[in-house]
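Overview (structure and organization)
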Amino acid sequence: MKEPSRQLLWERRSQTPLLVLAVAFAVAYAVPIVAPDASARVHGACTYVEWVVWGAFAVDYLVRLALSADRRRFVRTHWLDLAAVILPLVQPLRLLRLVATLMLVGRRARMAPQIQLTTYVAGAVVGLLMFGSLAVLSVERDAPEGNIKNLGDAVWWSFTTMTTVGYGDHSPTTGLGRVLAVGLMLSGIALLGVVTANIAAWFISRFERDDQAERLQLAAILELRAEVRALRGEVARLGGAAETATAPAATADPPIAAPGELAAQHGATSPTP
């Protein structure tokens with residue numbers, strides 16, 4: 001059995017710690033938005049946690065790059081990870097760190113074989129709803145013409161946007177808020193497509209299994225019919241052979257005597273004068 005590579009071993013061992021750090025990032029990102037009146041010390045601690053989590057994901061990317069057998073191919077196939085690592089350095093905004101962390105967590109979750117598609121979709125829906133609500137609230141709360149002023153409005157807006165319903169009672173008014181709205185709409189459409197495709201694939205696989213079972217049953221029935229025919233032929237052959245062996249032998253005709261023999265027999269039986 002082929003042993004896993006060092007890169008794969010690192011990914012397996014670091015998966016759980018990175019998910020824990022992602023949860024810590026979610027809490028650190030949510031606290032200043034949900035509680036804007038918190039002390040400056042709390043806000044500073046949350047910002048520190050966010051950067052620590054981003055740094056952990058950046059170190060994880062560098063380690064996986066160093067352990068990769070083909071580094072150029074690794075960079076080509078993991079360009080989203082690289083963009084997520086570089087993006088906060090270009091413009092260190094909290095929203096960019098949010099996007100970077102979501103991208104990296106999503107990539108690592110997809111690489112985990114034990115995570116099923118349904119669990120991933122459900123987690124993606126919950127994560128997008130939560131982070132989308134927090135992000136739009138942080139952007140729209142202080143906007144002069146904004147109508148998303150509390151967490152309830154933000155959650156309702158995120159839910160209607162992801163489901164592409166769009167009642168219009170709450171909508172972003174800033175440029176960054178509208179960018180978030182576009183991202184949520186596209187994410188909602190993509191997740192809906194994944195769910196629909198998953199359900200369709202389940203039905204198709206179920207029909208294929210039923211069809212295969214019916215074909216196996218039909219093949220077994222045909223094989224059984226062939227065996228029955230063969231057994232009937234064998235029984236008929238054995239019955240015919242037994243009748244031939246037990247039939248009585250036919251009476252043979254007496255041999256025809258030659259003329260000389262007939263005369264001698266006649267002379268022997270004729271009376272003397």
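Here the structure is a predicted model, which is why all the values come from computation and not from measurement.

As for the overall build of the chain
From N to C terminus, the chain includes 9 helices and 0 strands. Within the chain, buried positions represent 26% of all 273 residues. Looking at the chain alone, contacts between residues at least 24 apart form 62% of all its contacts between residues at least 6 apart.

Overview of the nonpolar core
One finds Y29, V136, I148 and W157 to be the most contacted residues of the largest nonpolar core, which totals 24 residues. Of all the secondary structure elements, the ones that give two or more residues to this core are α1 (6–34), α2 (40–67), α6 (117–140), α7 (151–162) and α8 (175–246). At 8 residues, the largest contribution of residues to this core is made by α6. Core analysis: the second largest hydrophobic core is formed by 6 residues, A58, Y61, L65 and F74 among them.

Structural notes on the confidence of the model for the chain
Close inspection of predicted coordinates is inappropriate for parts of the model with low pLDDT. Here the chain averages 75 in pLDDT, and 74% of its residues register 70 or above. Residue range residues 90–94 is modelled with pLDDT below 50. Its contacts to residues more than four positions away, or to other chains, number 8 contacts. Overall, residues 268–273 carries pLDDT values under 50, and its contacts beyond four positions in sequence, including any with other chains, amount to 0 contacts.

Quick notes on the layout of surface pockets
Over the atoms a probe the size of a water molecule is rolled, and this reveals where empty space is left. In this model, the second largest pocket occupies a volume close to 190 Å³. Considering the residues around the second largest pocket, the lining is formed by V121, V125, L129, F159, M162, T163, T164, G188, L191, L192 and V195. Mapped onto the lining of the second largest pocket, the elements with two or more residues apiece are α6, α7 and α8. Here the lining of the second largest pocket is composed, by residue class, of 8 nonpolar, 3 polar and no charged.

The rules we used
- Residues numbered from 1 in each chain as written.
- Predicted model: local features only at pLDDT ≥ 70, side-chain atom pairs only at ≥ 80, totals over all residues.
- Heavy atoms only, no water.
- Helix = DSSP H or I, 4+ residues; strand = E, 2+ residues; numbered from the N terminus.
- Buried < 20%, exposed > 50% of the residue type's maximum accessible area, 1.4 Å probe, protein only.
- Contact = heavy atoms within 4.5 Å.
- Core = buried A, V, L, I, M, F, W, Y, C linked by side-chain atoms within 4.5 Å.
- pLDDT = per-residue confidence, 0-100.
- 1 Å grid on protein atoms, 1.4 Å probe; cavity = no way out; pocket = protein on both sides within 12 Å on 5 of 7 lines; lining within 4 Å.
- Points joined across faces, edges and corners; volume = space filled by probe spheres on them.
- Nonpolar A, V, L, I, M, F, W, Y, C, P; charged D, E, K, R; others polar.

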